[in-house]
Amino acid sequence: MSSTTAAIHAGHPPTTTGLDHRKIAIWAFIGSECMLFASLISTYLIYKGRSRTGPFPHEWWCQATNATSATGPIANCPAGALYKPILNIPVTSQSTFVLLMSSLAMVLALAAVENKGKKGWAGPGWGGRLMESSKLWLLATAILGAGFLCYQAFEFTSFVHEGLTIKTNLFGSSFFTLTGFHGAHVTAGVLWLLTLLAIDMKRGLGPRDALLVDISALYWHFVDVVWIAIFTLVYLIR
Amino acid sequence: MAHEPVHRSSTESVASAEAHAAGEVHEHPTWATYKWVALILTVITIVEVWVYYIPAFVASRLFVPALLTMSAVKFVIVVLFYMHLKYDHRVFRALFTGPLIIAMTTIVALMFLFAKLVIRTG
């Protein structure tokens, strides 16, 4: 949906740019968020590899001797003192996939709201009816977002059980701060989506409301792109 | 003269609204595009995780640049197609790319400042 159309549809007064102020505001907000996450990511990268004690993200660690190994378990380490690399890549890969799919659901929700009332825009049959349901796609996005948060809760809990807290070492401090901030953003996004879903259930969202959904979609996709960066920089690069 | 931009934008808005009312297709991508974007993002993610488990590749000098490139491609694809920046007004593009460039420059500058990145001469 073009911004100028949104301005007219939502009864927004004419502006000097011809653009809706709310959409300018969300892009400015996203721009400022870029700098917030840049500061958190750079803090993580600066502290990377400077922890004096484990557990470490990609290395095995022997607590008794403080020896580390990137290749495998450390020989002659007493039982109970050996810590494996703490990052669980398979689990995080799944949560990354879940978040990527939530972005797909979000664009479909926006398309459904923008095209509501247009006969047959999504094609014939049950597939078309499925595509036309903004409630379904908003709910799907919120569920996938909540699913991502469940993965994160599982990850944080398992880290604490394995001995890594925000106070343990520099890795723990920077990791929990960065991913915790991201998780807080996802939580806000899920609440936002549930609010839109409630409005949709109560009175229905149509083309007049497309800008409201567009703005929340921009926020949601931004949360997704931030995770794309975090997944590579924190989890995959050793 | 000062009111001219307002008048022009209002005219454009009315024209756009009329176009919308007439059922004209907007510049946004279609379902097929969204589907392909999702598929490409999934494939790139799979490749990223796959190369993480190849010790020879992890040890090579290509590992980090390859991961950064794949991540950048995913980032750009989402921003262009899902956030519609490819189709949206240039003001929005400037509002996003400006701070993004500042943010990336800050990260790189801090990496040099704390000796995480080093330029070797001689």
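Residues numbered from 1 in each chain as written. Chains lettered and ligands numbered in written order. Predicted model: local features only at pLDDT ≥ 70, side-chain atom pairs only at ≥ 80, totals over all residues.

Along its length, chain B carries five helices and zero strands. Put simply, chain B runs from its N terminus to its C terminus through helices and strands in the order α-α-α-α-α. Here chain B holds 122 residues, and the buried ones make up 22% of them. (Helix = DSSP H or I, 4+ residues; strand = E, 2+ residues; numbered from the N terminus. Buried ≥ 20, exposed ≤ 12 C-beta atoms within 10 Å, placed from the backbone.)

Residue position: Ile107 of chain B is located in helix H5 (residues 90-113). With residues up to four places along the chain from it excluded, the contact list for Ile107 of chain B reads Ala38, Ile41 and Ser42 of chain A. (Contact = placed C-beta atoms within 7 Å.)

This part takes up the domain arrangement of chain B. For chain B, the domain assignment lists domain 1 (25-88) and domain 2 (89-122). When each unit is reduced to the centre of its C-alpha atoms, the spacing between domain 1 of chain B and domain 2 of chain B is 20 Å. (Domains from an automatic or database assignment.)

We now examine helix H7 (residues 210-236) of chain A. Residue and element names in this part refer to chain A. With 27 residues, H7 should reach 39 Å at 1.5 Å per residue; the first-to-last C-alpha distance of 37 Å fits that figure. Ile230 marks where H7 bends most, by close to 30°. For H7, the buried fraction is high: 25 of the 27 residues fall into the buried class. (Expected span 1.5 Å × (residues − 1). Bend = angle between axes of the 7 residues up to and from the residue.)

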